[in-house]
Amino acid sequence: MHSLRTLLSGTSLALLFSALLTLLPNQAAGRDYLDLSADVHRIPTAVPYFVNKKTGIAGDEGRWMADILGRALEFHGFITIISPDRYGGGQESDWKALGAELVVAGSYEVIGSQLALEMRITDILDGQMIFGRRYTGDWNKRKHILFKFCDEAVDKLTGEAGVASTLIAFVSDGSGQKEVYVTDILGDNVRQITKHRTLAVCPRFSPDGKRLMYTSYHRGSQMLYITTLGTETTRAISWYEGLNMAPAWAPDGNRLAVTLSKDGNPDLYLTGAIPERKEKLNIIERLTSQAGINVSPSWSPDGTKLAFVSDRTGTPQIYVMDLAAKATRRITFEGNYNTSPSWSPKGDLIAYSSLFSGNHQIFTISPEGGVPTQVTKTWGSNESPAWAPDGRQIVFSRKRDNQQQLCAIFKNGVGLRVVSSKLPGSQSMPQWSTRLDF
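Residues numbered from 1 in each chain as written. Predicted model: local features only at pLDDT ≥ 70, side-chain atom pairs only at ≥ 80, totals over all residues. Heavy atoms only, no water.

A. Focus on the nonpolar core. Residues Phe50, Leu69, Leu73, Leu117, Met119 and Phe149 are the most contacted members of the largest nonpolar core, which totals 48 residues. Contributing elements (two or more residues each) for this core: α1 (59–75), β5 (102–111), β6 (114–123), β7 (128–138), α3 (142–158), β8 (168–172) and β29 (403–410). Counting residues per element, this core draws most heavily on α3, at 8 residues. What leucine 117 contacts, discounting residues up to four positions off in sequence, is Phe50, Met65, Ser107, Tyr108, Arg133, Arg134, Tyr135, Ile145 and Leu146. In terms of nonpolar packing, the next biggest core, distinct from the first, is built from 15 residues, Leu212, Met223, Leu229 and Ala236 among them. (Core = buried A, V, L, I, M, F, W, Y, C linked by side-chain atoms within 4.5 Å. Buried < 20%, exposed > 50% of the residue type's maximum accessible area, 1.4 Å probe, protein only. Helix = DSSP H or I, 4+ residues; strand = E, 2+ residues; numbered from the N terminus. Contact = heavy atoms within 4.5 Å.)

B. Quick look at the environment of leucine 199. For leucine 199, the location among the structural elements is in the loop between β10 (191–192) and β11 (200–205). Leucine 199 sits in the partly exposed class, given a relative accessible area of 33%. Separated by 23 residues in sequence, leucine 199 and glutamine 222 place their C-alpha atoms 9.3 Å apart. Not counting chain neighbours up to four residues away, the residues in contact with leucine 199 comprise Lys178, Thr215, Ser216 and Tyr217.

C. Representation of α1 in the model. Spanning 17 residues, α1 covers 25 Å between terminal C-alpha atoms, matching the ideal 24 Å at 1.5 Å per step. Those residues of α1 not exposed but buried are Gly62, Met65, Ala66, Ile68, Leu69, Gly70, Ala72, Leu73 and Phe75. (Expected span 1.5 Å × (residues − 1).)

D. Representation of the sheet that holds strand β22 (residues 327–330) within the structure. A sheet is described by the order of its strands in space; here 4 strands give the open sequence β19-β20-β21-β22, paired in antiparallel fashion. The open sheet has two edge strands, β19 (294–299) and β22, and neither has a second partner. The average angle at which neighbouring strand axes cross in this sheet is 25°, direction not considered. As judged from the 6 bridges shared by strand β20 (residues 305–310) and strand β21 (residues 317–322), these two strands associate in the antiparallel manner. By the bridge assignment, serine 310 is partnered in β21 with glutamine 317. (Pairing = 2+ DSSP bridges. Axes fitted to C-alpha atoms, helices over the stretch in contact; angles between N-to-C directions.)

E. Quick peek at unusual backbone geometry. Within the chain, serine 296 stands out as a residue other than glycine whose phi angle is a positive 55°. Structurally, the position occupied by serine 296 is in strand β19. The residue serine 384 is not glycine, and still its phi comes out positive at about 55°. Mapped onto the elements of the fold, serine 384 is located in strand β27 (residues 381–387).

F. Molecular detail of the pairing of β5. Where strand β2 (residues 43–46) meets β5, 2 bridges bridge the pair, whose relative direction is parallel. In the strand pairing of β5, threonine 45 is matched with leucine 102. In this sheet, β6 lies alongside β5 in antiparallel orientation, the contact comprising 10 bridges. Paired with tyrosine 108 across the bridge in β6 is leucine 117. Where β5 folds back onto β6 in an antiparallel hairpin, the turn is made up of 2 residues, including glycine 112, whose phi is positive at roughly 65°.

G. Region of interest: the side chain of glutamine 404. Take glutamine 404: it is sitting in strand β29. Judged by relative accessible area, which is 16%, glutamine 404 ranks as buried. Side chain to side chain, glutamine 404 and serine 397 meet in a polar contact 3.4 Å long. When residues no more than four places from it in sequence are discounted, the contact partners of glutamine 404 are Ser397, Arg398, Lys399, Gly425, Ser426, Gln427 and Ser428. (Polar contact = N/O pair within 3.5 Å; in protein donor to acceptor, adjacent residues only side chain to side chain.)

Have a look at this one:
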């Protein structure tokens, strides 16, 4: 492998908390990044236990922080972590003999309720430090600091920030009822959002990631609700007669596309922003009025188009609507059961689920149509794809036998792994948030 120092340059300025010290040396202008559009060499990386500056030893916390950072880095697909069991976890070792090309070393200091955490990445092949940061923040936020460093490190290596500082919302029946939950990318820190003790489905993050909208039968009929994360305050926002389902937030946060059946047929409607008071969503216009069912809207990143599902031709297919021209065209013609479109944040692809050879599989297709690309090829039912904010990964639900789990995969079909292996019950309908400033 070429020296990583030749692949990296520039300075990242985004910090999670106040960055007290910039450790990155001056480097040449211009950037060359790892190309993740193809199958890249996975970089063998050691993340030894973090050292407490006061005691000079790692302890349980140092081990925990190294483990979290290593798992977060490995989640991004181009790094493989060398087990600390191979070298005892210490920060001094014969890294070249172990095959390590990168070493991520960390040290920390606890001052009252505050944490000072320093991390740096060294290229073992030329002995140069590639990237480093020092953060201060609340001790209880240490995991968020680790995730922030991970995302900045991924940015330094690839030219696109990582996705560790995100959440995944999903539906689980682990409590005995289908409720909405959120988790981090590692499947840790799972938090139950709804406690309606009834069916809650189709969670959707607001563009800033601070709120969740979903459909629930909490009061005996289908209604749209919104919950502010952190405070978990919840209120109804749409209770039109009939269906109120599958909401989609416009990228600007000022409009919604929802499926309503108040006029008889399930159709797409454009509404205004979430009302500040306990009022119903204000309908701006009806977007579809064709025969058949029209559901599952997904906005283009520029907010000018909608992908959606309609069975107007007899079977569920993916359509794209130009909102200004009100022109609609069908983009899927292979397969007779295509659902759950999700528009990539890069704007270049739409992911969807298709019934293929007896199983649902995840495909991607250009918004202009054309030949689709099959992403998942394993047995089981793979449905409800949703993009990570970097446009590189897709989360989806996979059902095998009677078990349904959340999985993530890269858009080129490699790196399939289970996200929700620690969770009870079945998980479905995942949605990925934008990057969050915790």
